[in-house]
Every structure is written in structure tokens, then in C-alpha cells.
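# Coordinate inspection notes
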Amino acid sequence: MNKLPSDIRNMDIRIRKMQNKSAAPRHHNRSRLRIFMEYAFRMAAEFAAPVVVGLCIGYVLDKLLGTKPMIMLILAIFGVAAGTLNMYRAAQQIDKDMDKE
Amino acid sequence: MENPLEQFEIKKILPLDINGIDISFTNSSLCMVITVIVVFLGLCLSLRKRSIVPTMGQAFAESIYDFVQDIIGETLGKEGIKFVAFVFTLFVFVSFGNLLGLFPYSFTFTSHIAAVGTLSMFCFILNIILGIKHRGLSYFHTFCPEGLPIFMAPLIIPVETLSLLAKPFSLTLRLAINMSVGHIMLKVLGTFIIAMQFFGFIPLVADMCIIMFEMFIALLQAYIYTILSCVYLSQAISNEE
């Protein structure tokens, strides 16, 4: 390394700097519209999906076990809880993202 | 008035049946193949002459790549570099599928839960494999966090399981519903253009605006699908949850 001419060594330092820079998160590149649209679409689905998944699994289990509609109702309630939890976690992450910017 | 849901009908082009399993080549499969060919040829042609000062085609391809790399940098950080190929494929396939679906006589395969669901399942399986690989058995603490009182377990385990299972479903639901709704709206307004005769120009203008909006939504939904897949991957890798 010491035998290298100084301009090549400088170039090596500059390349390393650029590499570190490109690996670091670049939040400033995201436009605000993009971020808000992403969050808006995300929140709705985060809540709805577990409820639907709970209902579907419950429906299938009820059909198999002949317990209509007990499991479906129980899993729907768990689905609402999971949806709320997912939304809370998403909101926490959004908060963290906002702080980073 | 024509049925606005008719456009989502799956039609068999090449009927195939193996042991009672229907694996026919349908209009949906055809559109997927066309999407792959368009993307493949587009990228091959634009990157044919690779130069330091890029041509317009090369700059376009590179900007898509940069965009995907940015998404990965934001969500997965340095560790995510190895997933660039996977995420790039995901983004390009979904965005071109959405955009090609806007052409007349085309078919939007991204409006079908079966097609998008299969893609999401890939992400989901990768999610679980990576989670177990990075965190070992502590990955299962996702379902039952450490220090949880034993009497709370019957409540928390189903909630956490549903919350995990919902991830691929929420990805699928968001994309499929957004694509279907836009296309239904276009078709309904299209029928109004003929039905309203002289005043047909009013829905025509609205239809034109919606097509522009749909193009924006097509790209936005592909972006959201990609970034959320990355977010879920990062959640599987990180030890926070």
C-alpha cells in the first residue's frame, strides 16, 4: 500500500468513502407524497388482512370439524386484535422513519 | 350495459389437465409470459451497448436498478444487497404487469389474488427461511415473546400467528384490489360514453383522467408492494420483534 503513488491512494480513499455513502440509508431521496401514499395504503391493509385471514381459516376449520360458526367467530376476534397490533407496529415504524429524516 | 367484471374472466387458451389438476395455459398466463418477454427484451436491448456515458435506454434500466437499490438501502441496509436481484425482479414484474394491463384487450394478472398471492407466498417463505437462518430458534419468539406470562400465551400465540400469516395476504389484497377497482371504474365510465350519446364527452374526459391516474397507481402499487416486501424481510432478519 505504501508503495502506491499518492494520487492512487487518494483515489482508493475516495472510492471507500463513496462505497460507505452508497450503503448508508438514503431517506432524503423519497418524496413526501410517496411516503404518505405508502403509509396510507399500508395502514388499511394492515388492519383488514388479519381479520380476513382469521375468517378464512375459521371457515375452513369449522367446515372440517363441524363446529359452525364457533371457530370462525373466535378467530375473527383474534384477527381484529392482530390487525390492531399490526397497525400499532406499523405506526411505530412510521414514527421511527420520520425521526430518522 | 356490459358486465364490468367480465374483463377479469380467465379464459383457457391451451387446455391442459394432468391427473385431474387443471394447469391450462390461460389468458392470464399469456399476459405473464408477454410481461416477462417485454421486460427481458427491453432490458437486453437497452443494455446491449454498455458505455460510461449511458444511452437513454441504458439510463432508464440503470435508474430502475438504482431505485430498487435505494429501496433496499432504506429498509434492509447493507445486508440487503444480496436480495437486489430478487427485489428487482419483483418490482419489474409487478410494475410492468400493472402497466401492460392498461392496454386495450390486455389482461391485468395483478388483479387476481391467485397470481399476486403466489408471488407473495414466495416472499413469505423467504421471510421465514431468513428469519430462522439469522435468528435461529429465537425466531419462534415472534409468536411467544420472551418473558410472557404463561396464562397470556393462549391469547398472544394466535394473535401473533394471525399477524404473521396476514403479511402475504395484506400484500396481495392491496395490489389486487387497487388494480381491480381502477379497471372496473374505467370500464363503467367507458360504457357511459356510449350510453350518454351527445354528452358522452363528459365521461370521456373523466376516463382520460382516470387512465392517467391508473398509470400513477400502477407504478405506486408496484413500489408499495416492493417496499413492504422488503420491510417484512427486514422484520424477519432484525431482532426487534
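Structure first, text after, so check above.
Description of the structure in this document. (Residues numbered from 1 in each chain as written. Chains lettered and ligands numbered in written order. Predicted model: local features only at pLDDT ≥ 70, side-chain atom pairs only at ≥ 80, totals over all residues. Heavy atoms only, no water.)

### Here we look at the overall build of chain A
Short version of the rule: A run of H or I in DSSP becomes a helix once it reaches four residues, and a run of E becomes a strand once it reaches two; helices and strands are each numbered from the N terminus. The classification of residues rests on relative accessible area computed with a 1.4 Å probe and restricted to protein chains. Under 20% of the type maximum is buried, over 50% is exposed, and intermediate values are partly exposed. Residues are treated as being in contact if the distance between any of their heavy atoms lies within 4.5 Å. Where accessible areas are quoted, they stem from the Shrake-Rupley method and a 1.4 Å probe; at the residue level, only the protein chains shown are allowed to cover.
Tallying secondary structure elements over chain A gives 3 helices and 0 strands in all. Each helix and strand of chain A, ordered N terminal to C terminal, gives the series α-α-α. Counting every position in chain A, which comprises 101 residues, the buried fraction comes to 28%. Considering only intrachain contacts with a sequence separation of at least 6, the fraction spanning at least 24 residues in chain A is 58%. As displayed, chain A has an accessible area near 6,900 Å², and 67% of this comes from carbon and sulfur atoms.

### Considerations on the nonpolar core
Where we set the bar: We call a set of buried residues a nonpolar core when its members are Ala, Val, Leu, Ile, Met, Phe, Trp, Tyr or Cys and they connect through side-chain atoms within 4.5 Å of each other.
Core analysis: the largest hydrophobic core is formed by 41 residues, its most contacted members being B:Ile72, B:Leu76, B:Phe91 and B:Tyr225. If you list the elements that add at least two residues to this core, you get helix H1 (27–46), helix H2 (56–75), helix H3 (84–100), helix H4 (113–135), helix H5 (153–195) and helix H6 (201–237) of chain B. For this core, the leading source of residues is H6(B), giving 14 residues. Counting residues in each nonpolar core, the second largest holds 9 residues, with A:Val53, A:Ile71, A:Phe78 and B:Leu162 among its members.

### Description of the interface of chain B and chain A
Size of an interface: often given as the accessible area lost when the parts come together. Quick note on the threshold: Buried area is calculated as the accessible area (1.4 Å probe) missing from two parts once they are joined, with the contributions of both summed. Every case where a carboxyl oxygen of Asp or Glu lies within 4 Å of a side-chain nitrogen of Lys or Arg is listed as a salt bridge. Think of a polar contact as two N or O atoms within 3.5 Å of one another; within protein, one of them needs to be a possible hydrogen donor and the other a possible acceptor, and neighboring residues in sequence only count if both atoms come from side chains. Polarity classes work like this: nonpolar for Ala, Val, Leu, Ile, Met, Phe, Trp, Tyr, Cys and Pro, charged for Asp, Glu, Lys and Arg, and polar for all others, with Gly in that last group.
Between chain B and chain A, the residue contacts involve 31 residues of the former and 31 residues of the latter. Interface area for chain B against chain A, summed over the two sides, is near 2,700 Å², with a carbon-plus-sulfur share of 66%. Considering only the surface of chain B that becomes buried against chain A, B:Glu74, B:Val159 and B:Leu162 emerge as the three largest contributors, covering 22% of it. Seen at the junction of chain B and chain A, the total is 1 salt bridge. In this structure, A:Arg89 and B:Glu160 form a salt bridge, with 2.8 Å as the shortest nitrogen-oxygen distance. One can count 4 residue pairs in polar contact (both at pLDDT 80 or more) joining chain B with chain A. Among the elements of the structure, H2, H5 and H6 of chain B are those that each provide at least two residues to the side of chain B that touches chain A. No other element matches the 13 residues that H5(B) contributes to the side of chain B that touches chain A. For the side of chain B that touches chain A, the per-class residue count stands at 18 nonpolar, 6 polar and 7 charged.

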